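The residues making up each chain are set out below.
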Amino acid sequence: MRIVVEHLSHCYNAGSPFAVKALDDVSLTIEEGEFYGILGHTGSGKSTFVQHLNGLLRLPSSLKRRKKRRESGPSPVLRVGEFDLSDKKTDFRALRKRVGMVFQYPEYQLFAETVKDDVAFGLLNFAEKGKKPSPEETERAVRDALSACGLDYDEFAEKSPFDLSGGQKRRVAIAGVVVSRPEVLVLDEPAAGLDPLGKREVMELLHRLHDDWCKTVIIVSHDMDEIAENCTRAAVFSEGRVVFDLPPRELFLHAEELVRLGLDIPLTAKLRLALRERGVAVDCDFTEDDFVRAVLALKGEKA
Ligand code: ADP
Ligand code: MG
């Protein structure tokens, strides 16, 4: 499913003294099959943006929009595959089944007594009326989802989610979303708060899911090395606007501007700048492998 967003703005507490403009005329297209990164400092609008993609946050009604259009620019467009999210009649339940959303710190939302019940909840929640999966179908789906998330069913199914490690809890929470087989998987800071090993495991998991389960993966992330290594494309948000929307190999050529925006840059981009100051030009795509290749090529050696 292709995601098309045009002229999307969002204001919290509109019309009150506490109004906050969280998104300001955002336009982005995310193609099917991408591993898409959303970057930006805290408060730049990343979470507000991704919550629009499965209709958790809605566009204003068309009446309000018409009124607003007389005051300001063109109408917003928000389309996910065949779903038009600006249409109130859209089947948002069907949309949510196809666009899975993993919130920040999703383990706080684990609630069931066993891992298997928690993951099954995600499945049963989306089942159409009168079409509840049988216990056998449910077990099969939960088994597959846990295994896709690197957790063995026989070992984990009967455990309490609260007895697991931080990284395991997070993977159970992700299993509870992928169990309904969404085509698009959106994750808000999926590696936040985990130790380096937990982070690596979650990122490897997302790549496996992208290969086998979900056509498109969208992650909100602070980790620039992660973005440089893995994303097909990334958008940089600042004060509710999109300032860059580029593949990493082009994005990190703007390293100095990113630093000015208060963002970190990948290690490869830092090293490239340091070498440039010493008069050495390195041409690479900002992955570690390609950086090493480029440096060795300067020395006339092969990687
Ligand atoms: P990010 O995810 O990039 O940190 P958010 O989308 O959470 O940014 O927030 C964008 C802006 O909207 C911030 O100024 C934030 O304080 C504000 N904001 C976010 N959620 C709410 C809310 N529920 N009510 C009021 N303001 C909010
Ligand atoms: Mg956020």
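Predicted model only: the values in this text are computed from it and were never measured.

### Structural notes on helix α8 (residues 196-212)
1) Next: Over its 17 residues, α8 extends 24 Å from the first C-alpha to the last, a length consistent with the 24 Å expected when each residue adds 1.5 Å.
2) Next: Among all positions in α8, only G198, V202, M203, L205, L206, L209 and H210 are buried. Down the axis of α8, the buried set is contained in an arc of 155°. They therefore lie on one face. Of the exposed residues in α8, the ones pointing more than 90 degrees away from its buried face are P196, R200, D211 and D212.
3) Next: The inward-facing, buried residues of α8 contact β3 (35-39), α5 (135-148), α7 (166-178), β7 (184-188), β8 (216-220) and α9 (224-230).

### Section: the nonpolar core
1) Next: Of all hydrophobic cores here, the largest spans 59 residues; its most connected members are V119, V178, L185, L209, L251 and F252.
2) Next: Here this core takes six residues from α7, the largest share from any one element.
3) Next: Judged by nonpolar contacts, the second largest core, of 28 residues, contains L23, V50, L78 and V184.

### Describing the site of ligand 1
1) Next: The full set of residues close to ligand 1 is Y12, N13, V20, A22, H41, T42, G43, S44, G45, K46, S47 and T48.
2) Next: S44 has a polar backbone atom sitting 3.1 Å from an oxygen atom of ligand 1.
3) Next: Going through the elements one at a time, β2 (20-30) and α1 (46-52) are the ones with two or more residues in the shell around ligand 1.
4) Next: Residue classes in the shell around ligand 1 are distributed as three nonpolar, eight polar and one charged.

### Things to note about the sheet that holds strand β4 (residues 77-80)
1) Next: Read from one edge of the open sheet, four strands run β2-β1-β4-β5, paired in antiparallel fashion. Single-partner strands in this sheet number two, and they are β2 and β5 (83-84).
2) Next: Sheet topology note: the strand β1 (residues 3-12)/β4 ladder contains four bridges and is antiparallel. Residue pairing in the sheet places E6 in a bridge with V77 of β4.

### Observations regarding the sheet that holds β8
1) Next: Taken in spatial order, the six strands make up an open sheet running β6-β7-β8-β3-β9-β10, and their pairing is mixed. Each edge of the sheet is formed by a strand with only one pairing partner; in this case those strands are β6 (99-102) and β10 (241-246). Taking each pair of neighbouring strands and ignoring which way they run, the sheet shows an average axis angle of 15°.
2) Next: In terms of strand pairing, β3 meets β8 through four bridges, oriented parallel. Paired with G37 across the two strands is I219, which belongs to β8.

### A word on the pairing of β1
1) Next: When β1 meets β2, the two strands line up antiparallel, connected through seven bridges. Among the inter-strand pairings, V5 is bridged to a residue of β2, identified as L28.

### Let's talk about the state of the cysteines
1) Next: In total, this model carries zero disulfides according to the counting rule given.
2) Next: Of all cysteine sulfurs, the one in C214 lies closest to C149, which takes part in no disulfide; the gap is 8.9 Å.
3) Next: Just so you know, C284 is unpaired, no disulfide at all, and the nearest cysteine sulfur is the one on C231, 16 Å from it.

### Points about the pattern of salt bridges
1) Next: In the structure shown here, the tally under the stated rule is 17 salt bridges.
2) Next: Salt-bridge contacts for E82 lead to R98; the nearest nitrogen and oxygen are separated by 2.8 Å. Of the two residues, E82 is situated in the loop between β4 and β5 and R98 in helix α3 (residues 92-98); the sequence distance between them amounts to 16 residues.
3) Next: The exposure class of E82 is exposed, given its relative accessible area of 57%.
4) Next: Taking the shortest distance from any N to any O, the salt bridge between E183 and R98 comes out at 2.9 Å.

Cut-offs used in this document
Residues numbered from 1 in each chain as written. Chains lettered and ligands numbered in written order. Predicted model: local features only at pLDDT ≥ 70, side-chain atom pairs only at ≥ 80, totals over all residues. Heavy atoms only, no water. Helix = DSSP H or I, 4+ residues; strand = E, 2+ residues; numbered from the N terminus. Expected span 1.5 Å × (residues − 1). Buried < 20%, exposed > 50% of the residue type's maximum accessible area, 1.4 Å probe, protein only. Arc of directions from axis to C-beta. Contact = heavy atoms within 4.5 Å. Core = buried A, V, L, I, M, F, W, Y, C linked by side-chain atoms within 4.5 Å. Near = heavy atom within 4 Å. Polar contact = N/O pair within 3.5 Å; in protein donor to acceptor, adjacent residues only side chain to side chain. Nonpolar A, V, L, I, M, F, W, Y, C, P; charged D, E, K, R; others polar. Pairing = 2+ DSSP bridges. Axes fitted to C-alpha atoms, helices over the stretch in contact; angles between N-to-C directions. Disulfide = S-S within 2.5 Å. Salt bridge = Lys/Arg side-chain N within 4 Å of Asp/Glu carboxyl O.

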